[in-house]
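# Geometric and topological summary
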Amino acid sequence: MNIHLKVWRQKQKGDSGKLVSYDVETDEGSSFLEMLDILNEQLVAKGEDSVSFDHDCREGICGMCSLSINGIPHGPDGATTVCQLHMRRFKDGDTLVVEPWRSRAFPVVKDLVVDRGAFDRIIQAGGFITSRTGSAVEANVHPIPKPIADYAMDAASCIGCGACVAACPNSSAMLFTAAKVSHMNSLPQGKAEKDKRTLAMVDRMDAEGFGNCTNYGECQGVCPKEIKLDVIAQLNRDYAVAKTKKFLGAAI
Amino acid sequence: MSSLVKKYIMAISGFVLSAFVFVHMIGNLQVFMPPSAINDYAYFLHHMLPWEVLWGFRFTLLAAVVLHVWTAIQLKIENAAARPQSYQVNASVVATPAARYMAFSGMIMLAFIVFHILHYTVRSTHPEFKMFMTMNDDGEKMFDAYAMMIYGFSSEFWYVSAFYIISMASLALHLSHGVSSMFQSLGLRNELWRYRLNAFAAFYGIVLFIGFSSIPAAVLISEKTGVQLLQTKPVLEGVKSWDKKSPIITNYENCLSCCPSSGKVTK
Ligand code: HEM
Ligand code: SF4
Ligand code: FES
């Protein structure tokens, strides 16, 4: 099948880039990233600079791949990372515009690669448990009701890809931050530092220059791990509690 | 101020305003009762309620509008700055038009609020407004809010009625997102209640639209057709024969036969 691509090309951070058109002959069975590999082989053969894009596992678990296809982060399929998207999803002769995530907090490094260090810094601010919890303990030491364990597990499935930020008209990082906060704040080991964590992670999120959530829900629509807006409601709730406690001078 | 605190301000001020508009609508719908109903209600608000209460309400509403608009502007500026370079191709997956046009519907409403206060609260748009008088049950002269509403929406000022109806459509659109969104902003929503509140918000918006818009619509219908929903005739005749100095006193049909509950007749 033949695909017309318009790919964002940008030499380095701060440069003004542009969309460049390419035609690629590919197979319906190849993944989107393999199709880009084919394009790159063509470019290298012609002595041109290959298109840079992030990828690692190519099986939907690492969160590295990060392409917006025709305006939709991770492409048209729900609950699918772009590495798991296959060309059979498209038709012969389709034109696909491929762009990097767009956010002040995610500067473009080169072509389709963006720097998602802002997410790492949000995690560093509180997305962990301070004490060493040791190796796996006997299963019934910390009784956790199944629905709560499931809720925490669902939140924990966020792979930190940043599609939520990319899709949000406000470039808000609420879905990511809220997934991390909800995961930890729901479980006994994480509850100990609930308030401190919530305040610190939100402060860091704001300082990184992400926008404010206005409850559009676009993030939930594109999230490859189907993280729900529920977690944002929990973050809003936990933050209100933490902020009030802090204001009143309670120990947190 | 953190992004979440701004959302709390939006939600709480939005809640105050959303609750107010509903009560306000119920108050206004008394126009469909005999004229004395809404006039007595207006008299109650302005003369019988302690002024501290009236001004307490007014101050709360003003504070809510100022905080709401001010925070909305800040959110918009920050959100625009968060994406300095936009996409070449934009697509929307789930966001509703109501959500995407919050600032637009809000701006129409802001213009509306300013005009509405000058129109019916300050009454500076028509010299007639301050002159409308009627007799209450005890034979005392009092302000005739009923006549003011009729004249304000009469066909001579069709563009005013049109602006009111457009603004109420904006209100409905705004609230069809806002009334559910405010629960999310305060952390009082989950997957189950998201669907329920979204449905409620749409319903709330439609009720407000119908309730408010029915008044200018009823004035025009009563004036132009045989369907007499409101007593437009005596009001408009009174205005026509006004001498530009003395109060315009309208004598309404008492309509004892149709609504016995209106009870007392003017002496
Ligand atoms: C009768 C007047 C108004 C009512 C009842 C009202 C109600 C609401 C409600 C309930 C929300 C949702 C808050 C949240 O998501 O937490 C909201 C959001 C919003 N309002 Fe209003 N509002 C009014 C007037 C205005 C005006 C005059 C403006 C603007 C100039 C405005 C601009 C906005 C904006 C931009 C949002 C979106 C904020 C967001 O998406 O979170 N509103 N409004
Ligand atoms: S919440 Fe979803 S879209 Fe956002 S970073 Fe996590 S996995 Fe990606
Ligand atoms: S490359 Fe790992 S999730 Fe796509």
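Computed from a predicted model, the values in this text were never measured in an experiment.

If you tally the helices and strands in chain A, you get 9 helices and 7 strands. In terms of principal-axis extent, the alpha carbons of chain A reach across some 65 × 40 × 30 Å. Within the span of chain A, comprising 252 residues, buried residues form 51% of the whole. Within chain A, contacts between residues at least 6 apart in sequence are counted, and of these 68% link residues at least 24 apart. Carbon and sulfur atoms make up 52% of the accessible area of chain A, which amounts to about 11,100 Å² in all.

Let's shift gears to the nonpolar core. Residues F106(A), F119(A), L175(A), M205(A), F210(A), I232(A) and L4(B) are the most contacted members of the largest nonpolar core, which totals 44 residues. Only α2 (117–126), α4 (163–167), α5 (174–185), α7 (194–207), α8 (218–222) and α9 (230–247) of chain A together with α1 (3–28) of chain B provide two or more residues apiece to this core. Among the elements that line this core, the one with the most residues is α5(A), at 6 residues. When residues of this core are sorted by domain, at least three fall in each of domain 1 (2–110) and domain 2 (116–248) of chain A. Excluding anything up to four places from it in sequence, M205(A) contacts I122(A), A173(A), M174(A), T177(A), F210(A), S3(B) and L4(B). Grouped together as the second largest cluster of nonpolar side chains are 43 residues, V21(B), F143(B), A145(B) and F153(B) included.

This part is about the domain arrangement of chain A. Residue and element names in this part refer to chain A. The domain architecture assigned to chain A consists of domain 1 (2–110) and domain 2 (116–248). For domain 1 and domain 2, the distance between their C-alpha centres works out to 29 Å. Facing 20 residues of domain 1, the contacting portion of domain 2 comprises 20 residues. Where domain 1 abuts domain 2, roughly 1,500 Å² becomes buried across the two surfaces, and 60% of that area is made up of carbon and sulfur atoms.

We now examine the coordination of the iron atom of ligand 1. All names here are of chain B. Looking at the metal site, the iron atom of ligand 1 is ligated by H68 (NE2) and H174 (NE2), spaced 2.0 to 2.1 Å from it. Each of the 6 donor atoms around the iron atom of ligand 1 contributes to a set of angles spanning 85 to 180 degrees, which defines the coordination as octahedral. Taken as a pair, H68 in helix α3 (residues 51–81) and H174 in helix α7 (residues 158–185) lie far apart in primary sequence, 106 residues in all.

All names here are of chain A. For the pair helix α3 (residues 146–156) and α5, the least separation of the axes is 8 Å and the interaxial angle reads 150 degrees. Remark: the crossing between α3 and α5 carries left-handed chirality. Note on element contacts: α5 touches α3 through A179, K180, S182 and H183, opposite Y151, A152, A155 and A156. Here the contact of α3 with α5 is composed, by residue class, of 5 nonpolar, 2 polar and 1 charged.

Let's shift gears to the interface of chain A and chain B. Across the contact, 47 residues belong to chain A and 37 residues belong to chain B. For the pair chain A and chain B, the summed buried surface comes to about 3,400 Å²; carbon and sulfur atoms form 51% of the total. Considering only the side of chain A, the residues that lose the most area to chain B are N212(A), N215(A) and Y216(A), jointly responsible for 19% of the buried surface there. Applying the counting rule to chain A against chain B returns 0 salt bridges. Across the chain A-chain B interface, the total number found is 30 residue pairs in polar contact (both at pLDDT 80 or more). For the side of chain A that touches chain B, the secondary-structure elements that each account for two or more residues are β5 (95–99), α4, α7, α8 and α9 of chain A. Counted by class, the side of chain A that touches chain B contains 23 nonpolar, 15 polar and 9 charged residues.

Residues and elements named next belong to chain B. Lining the immediate surroundings of ligand 1 are 23 residues, of which K7, H68, H174, S181 and S185 lie closest. Within the side chain of H174, one N or O atom sits 2.8 Å away from a nitrogen atom of ligand 1. Contributing elements (two or more residues each) for the shell around ligand 1: α1, α3, α5 (102–121) and α7. Partitioning the shell around ligand 1 into residue classes produces 12 nonpolar, 10 polar and 1 charged.

We now examine the site of ligand 2. Residues and elements named next belong to chain A. Lining the immediate surroundings of ligand 2 are 13 residues, of which C158, C161, G162, C164 and C223 lie closest. If you list the elements that add at least two residues to the shell around ligand 2, you get α4 and α5. Grouping the amino acids of the shell around ligand 2 by side-chain chemistry returns 11 nonpolar, 2 polar and no charged.

The rules behind the values
- Per-chain numbering applies: the sequence of each chain, read as written, is numbered from 1 onward.
- Lettering for chains starts from A, numbering for ligands starts from 1, and both go in the order in which the items are written.
- Local features in this predicted model are restricted to residues whose pLDDT is 70 or higher, and side-chain atom pairs enter the listing and the counts only when it is 80 or higher, whereas totals over whole chains, interfaces and linings include all residues.
- Only hydrogens and water are set aside; all other atoms, that is, all heavy atoms of the structure, feed into the side-chain values.
- Think of it this way: any DSSP run of H or I at least four residues long counts as a helix, any run of E at least two long counts as a strand, and we number them from the N terminus.
- In this scheme, a residue with accessible area under 20% of its type's maximum is buried, one over 50% is exposed, and one in between is partly exposed, where area comes from a 1.4 Å probe on protein chains only.
- Two residues form a contact once any of their heavy atoms are found within 4.5 Å.
- Note on areas: these come from Shrake-Rupley sampling with a 1.4 Å probe, and a residue is covered only by the protein chains present in the view.
- Here, nonpolar core refers to any group of buried Ala, Val, Leu, Ile, Met, Phe, Trp, Tyr and Cys residues whose side-chain atoms link them within 4.5 Å.
- Delimitation of the domains relies on an automatic or database domain assignment.
- Here the quantity called buried area is the accessible surface, traced with a 1.4 Å probe, that two parts lose on coming together, added over both.
- In this description, a donor is an N, O or S atom within 2.8 Å of the metal centre, a cutoff extended to 3.2 Å for sodium, potassium and calcium. Water is not part of the atom list, which can make sites seem incomplete.
- Labels for metal geometry use angle windows, namely 85 to 135 degrees for all angles of a four-donor tetrahedral site, and for square planar (four donors) or octahedral (six donors) sites opposite donors over 155 degrees apart plus all others within 65 to 115; sites meeting none of these are irregular.
- Angles here are taken between N-to-C directions and fall from 0 to 180 degrees, while the axes themselves are lines fitted to C-alpha atoms, restricted in helices to the stretch in contact.
- Each crossing is labelled by how the near helix is turned from the far one, with a counterclockwise turn of less than a right angle marking it left-handed and a clockwise turn marking it right-handed.
- Residues are grouped as follows: Ala, Val, Leu, Ile, Met, Phe, Trp, Tyr, Cys and Pro are nonpolar; Asp, Glu, Lys and Arg are charged; all remaining types, including Gly, are polar.
- Whenever a carboxyl oxygen of Asp or Glu lies within 4 Å of a side-chain nitrogen of Lys or Arg, that contact is scored as a salt bridge.
- Pairs of N or O atoms are called polar contacts if they sit within 3.5 Å, as long as, within protein, a hydrogen donor faces a hydrogen acceptor (for residues adjacent in sequence, only side-chain-to-side-chain pairs).
- Being near a molecule or strand, for a residue, comes down to having at least one heavy atom within 4 Å of it.

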